[in-house]
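A structural walkthrough
Residues per chain, in single letters:
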Amino acid sequence: MATQRIAKRKKKEASEYFFDYSLLFIVLFLLGFGLVMIYSASSYEAFQEFKDEAYYLKKQLTAIVIGLVMMIIVANIPYHFWERFALLGYLVSMALVPLVLTPLGVESHGAKRWIKIPGLGLNLQPAEVAKLGMILFLAVLVCKMGKSVRTMKGFIIMVLVPMPVVLEVYLITKNLSSAIIILGISVLMVFVASPDYKKFVIMGAAGVAVIAVAVFVIVSSYASGDQMAWRSERIVAWLDPESQAQGKGFQTIQALYAIGSGGIWGKGLGQSMQKLSFLPEAQNDMIFSIICEELGLFGAVAVILMFIMLLWRMMVIANNATDLFGAMLVVGVMGHIAIQSILNIAVVTNTIPNTGISLPFISYGGSSVMFLLIEIGLVLSVARRIQLKEL
């Protein structure tokens, strides 16, 4: 009897400390692959500008190391600890965005979207903080609202709560892609929390109708010679890139050249031609086109499959989370990675209008990878509280 009790106790203790190694392996693989592709895509430009082929690689590696340390720390802290900081995270997100307009603001490629961290020599993108803050705040809000989130009033509250941050990110930093991601995370979390899908279908249909009308108006105005805002040119470049070959359509055309020239098996790692100053932001927003050029359709499909596997592991963790708060945290992170990955690939393949957005874990970007790894830490923290028998 004593032996059986000891065996049961050991089994219970083992089940209390489950760790999702498959999720961690996928993330580490994407990070390692990203470093290889960043070096391949940026070495020429880095040498031309900084006389150091590994300039971008070193900066990204530094951000990854910091991010991994943060991920390990967060993964080992019970995720309910962060519940008390939900409102603070929301307010900090709103406070950081306007700082880009102060002397702390850093401008790059014509956009002010970063702030300097004094003393550390690092730049922080407030939009990345806002994504994490919104996930945490909405997860807490869903738990506190309970069943009322399923009512129309609850639905409206959940949709309106992220709007101040979304508008700040869009109007102050001119970062449409991040604004869309934050709003998309919010809608997905409400969608999962509410079993009534009818209002989402109506909202989606209305959104598609509004976008279709807006595109029609923009194209009609442009055709009549009315030069509208610069974002209107992006719509025209999306529908007909060759008409804007020397303007807004240049990057898209070069990306499509890279994808088309890669074929099925690609030209070989490091053999891209478009990265030789032809394709702007090759190591950042357009890195997927370099993957297609160097590794072909095979490499592109492999990367997409890795993201699908990553999302699948998160879905398993969310379904088996011990409480609603943990499940909503994982859903928020899953939504963030899924939306950002889909939008990046859609932009590179000209499925949607061009808007600057990075490929998670692979594209160059210190703030992005650090906060993504913090989010993975939250997911691992939720997974650690799942008993193995539940999986």
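Summary of the structure given here. (Residues numbered from 1 in each chain as written. Predicted model: local features only at pLDDT ≥ 70, side-chain atom pairs only at ≥ 80, totals over all residues. Heavy atoms only, no water.)

**Overview of the overall build of the protein**
Looking only at helices and strands, one finds 14 helices and three strands in the protein. In the protein, buried positions account for 49% of the 391 residues. Partitioning the intrachain contacts of the protein with sequence separation of at least 6 by distance along the chain shows that 69% fall at a separation of at least 24. For the protein, the accessible area works out to roughly 18800 Å², and carbon and sulfur atoms hold 69% of it. (Helix = DSSP H or I, 4+ residues; strand = E, 2+ residues; numbered from the N terminus. Buried < 20%, exposed > 50% of the residue type's maximum accessible area, 1.4 Å probe, protein only. Contact = heavy atoms within 4.5 Å. Areas by Shrake-Rupley, 256 points an atom, 1.4 Å probe, with all protein chains shown as cover.)

**Notes on helix α4 (residues 86-96)**
Three or more residues of α4 are buried, namely Ala 86, Tyr 90, Ser 93 and Leu 96. All buried residues of α4 lie within an arc of 135° about the axis, which places them on one face of the element. Taken together, the buried residues of α4 touch β2 (111-117), β3 (122-124), α5 (126-145) and α7 (163-173). (Arc of directions from axis to C-beta.)

**Focus: empty space enclosed by the protein**
In total, this model carries one cavity of 30 Å³ or more according to the counting rule given. If you add up the space inside the largest cavity, you get close to 30 Å³. Around the largest cavity sit Arg 234, Ala 237, Trp 238, Lys 248, Thr 252, Asn 350 and Asn 354, which together line it. No other element matches the three residues that helix α10 (residues 230-239) contributes to the lining of the largest cavity. When its residues are assigned to classes, the lining of the largest cavity shows two nonpolar, three polar and two charged. (1 Å grid on protein atoms, 1.4 Å probe; cavity = no way out; pocket = protein on both sides within 12 Å on 5 of 7 lines; lining within 4 Å. Points joined across faces, edges and corners; volume = space filled by probe spheres on them. Nonpolar A, V, L, I, M, F, W, Y, C, P; charged D, E, K, R; others polar.)

**Thoughts on the pattern of salt bridges**
When charged atoms on two side chains of opposite charge get close, those side chains can pair. A full pass over the atoms with the stated rule returns five salt bridges. Among the ionic pairs, Lys 58 bridges to Asp 52, the shortest N-O distance being 3.1 Å. In this structure, the salt-bridge partner of Lys 275 is Glu 294, at a minimum N-O distance of 3.4 Å. Within this pair, whereas Lys 275 is found in the loop between α11 (250-262) and α12 (287-320), its partner Glu 294 is found in helix α12, the two being separated by 19 residues in sequence. For the pair formed by Lys 275 and Glu 294, the shared burial category is buried. (Salt bridge = Lys/Arg side-chain N within 4 Å of Asp/Glu carboxyl O.)

**Looking at the environment of Lys 58**
With respect to the secondary-structure elements, Lys 58 resides in helix α3 (residues 55-75). Each C-alpha atom, one on Lys 58 and one on Leu 35, is 9.2 Å from the other, the two residues being 23 residues apart in sequence.

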